[in-house]
Amino acid sequence: MRLLAISDLHLRYAETRRALEALPDHREDWLIVAGDVGETEEHLRFAWDVLAPRFARLFWLPGNHELWAVPEGSLAGEARYRRFVAVCREYRVLTPEDPFVAWPGPGPRATICPLFTLYDYSFRPDEVPAERAVEWAMEERILCADERVLRPDPHESRAAWCAERCRLSEERLAAAAAAGPTVLANHWPLRRDLLTLRRIPRFSIWCGTRCSEDWHLRFRAAAVVYGHLHVRRTSFRDGVRCEEVSLGYTRDWDVARGVEPYLRQVLPEPEGVEEGWRF
């Protein structure tokens, strides 16, 4: 029995859908799907139709792509997120809105904590004021599509929605950590120093919040799972293993290998795990 993780399936691609359908049986394993399954309810349903019969338990947490209000006129903001949560519950997939559950398998008796934090543009240099963050990114011709299609309704801004999500998460994580170790799973990296944006460093403002930078210590993380960057990597921060588990767009992985090699084992900790890039 293993706890596995993957993110950024981006099921708009037919090649990825075919590769996911070829995934072998994992009926004793649990799987965290850490956001960016796709942009539509149909993408999410496709994922669960394929994965639910193959895994003992599934977890989902949203990425920015699930929150995109596409096609035009569709649900946006909080209403969109709640609709995706409802779809997950049809398939008995656990979400950030459900009670956290304890890992019953080998390794630490950790509580698995799917999170939804969003971002607040605070992953920027200290000298760049918040109100100039997007302008600062655009100086390098970088603009995330979120600025056009990720609406924060009814919150006044994405940063305000992020603040609310962090407040809710901290309350629940404190209770979970009081009981023992945790596995923190979020679409966006919890720390700035986990970013791997060599070609587009100013994309950082859409990658997380400083609010969560000490959560791995405050909430007794045995491991941290995240995606969003499309750069698979194992890192250690203060002795805590942090796993970037993205599959990504079809240019980011070897389609001929299928999805199976890209499932990352979280628990029990794999033998000989070291910091470094994974391809």
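Here the residue index of a chain counts from 1 through its sequence in written order. Given that the model is predicted, a residue must reach a pLDDT of at least 70 before its local features are reported, and side-chain atom pairs must reach 80 or more before they are shown or counted; all residues, however, enter totals for whole chains, interfaces and linings. To get the side-chain values, take all heavy atoms of the structure and skip hydrogens and water.

It is worth spelling out the pairing of strand β8 (residues 233–237) at this point. Counting buried residues in β8 gives 4 out of 5 residues, a clear majority hidden from the surface. Where β8 lies against strand β9 (residues 240–244), 5 bridges are found, and the strand directions are antiparallel. The residue of β9 that forms the bridge with F236 is R241. Whether two strands pair comes down to DSSP finding at least two bridges between them. Helix and strand assignments follow DSSP, with helices taken as H or I runs no shorter than four residues and strands as E runs no shorter than two, numbered in order from the N terminus. Between β8 and β9, which pair antiparallel in sequence order, lie 2 residues; one of them, D238, sits at a positive phi of approximately 55°. In this sheet, strand β11 (residues 276–277) lies alongside β8 in antiparallel orientation, the contact comprising 2 bridges. By the bridge assignment, R233 is partnered in β11 with W277. Buried, partly exposed and exposed residues are distinguished by accessible area as a fraction of the type maximum, computed with a 1.4 Å probe on protein chains only: under 20%, between the cut-offs, and over 50%, respectively.

Looking now at the sheet that holds strand β5 (residues 111–114). Strand order in this open sheet of 7 strands is β4-β5-β6-β7-β9-β8-β11, and the pairing throughout is mixed. Unpaired on one side and paired on the other, β4 (101–102) and β11 mark the two borders of the sheet.

Moving on, we come to the sheet that holds strand β1 (residues 3–6). Pairing within the open sheet is mixed, and its 4 strands lie in the order β3-β2-β1-β10. Whereas interior strands pair on both sides, the edge strands pair on one side only; in this sheet they are β3 (55–60) and β10 (264–267). Between one strand axis and the next, the sheet turns by 30° as a mean value, whatever way the strands run. Relative to β3, strand β2 (residues 26–33) runs parallel, the two being bridged by 5 bridges. In the sheet register, I32 faces β3, and the bridge partner there is F59. The contact criterion used throughout is that any non-hydrogen atoms of two residues lie within 4.5 Å. Simply put, an axis is a line fit to the C-alpha atoms, just over the touching stretch for a helix, and the angle between two N-to-C directions goes from 0 to 180 degrees. Of the strands in this sheet, β2 and β3 touch helix α2 (residues 41–51), which is tilted by about 160° from β3.

Glancing now at the pattern of salt bridges. Whenever a carboxyl oxygen of Asp or Glu lies within 4 Å of a side-chain nitrogen of Lys or Arg, that contact is scored as a salt bridge. Under the definition given, this model contains 31 salt bridges. Where E164 meets R167, a salt bridge forms, and the shortest distance between an N and an O atom there is 2.8 Å. Of the two residues, E164 and R167 are both situated in helix α6 (residues 158–179); the distance of 3 residues between them amounts to about one turn of the helix. The exposure class of E164 is partly exposed, given its relative accessible area of 30%. Owing to a relative accessible area of 37%, R167 belongs among the partly exposed residues under this scheme. With its nearest N and O atoms 3.0 Å apart, the salt bridge here joins E170 to R218. With E170 in helix α6 and R218 in helix α7 (residues 215–218), this residue pair connects regions lying 48 residues apart in the sequence. Using a relative accessible area of 42% as the deciding quantity, one classes R218 as partly exposed.

Along β9, 5 of the 5 residues are buried, which leaves the element largely enclosed by surrounding structure. Going residue by residue along β9, you find V240, C242 and E244 tucked away on one face and R241 and E243 tucked away on the opposite face as well. The pairing of strand β7 (residues 221–226) with β9 spans 4 bridges and is parallel. Residue pairing for β9: V224 is matched across the bridge by C242.

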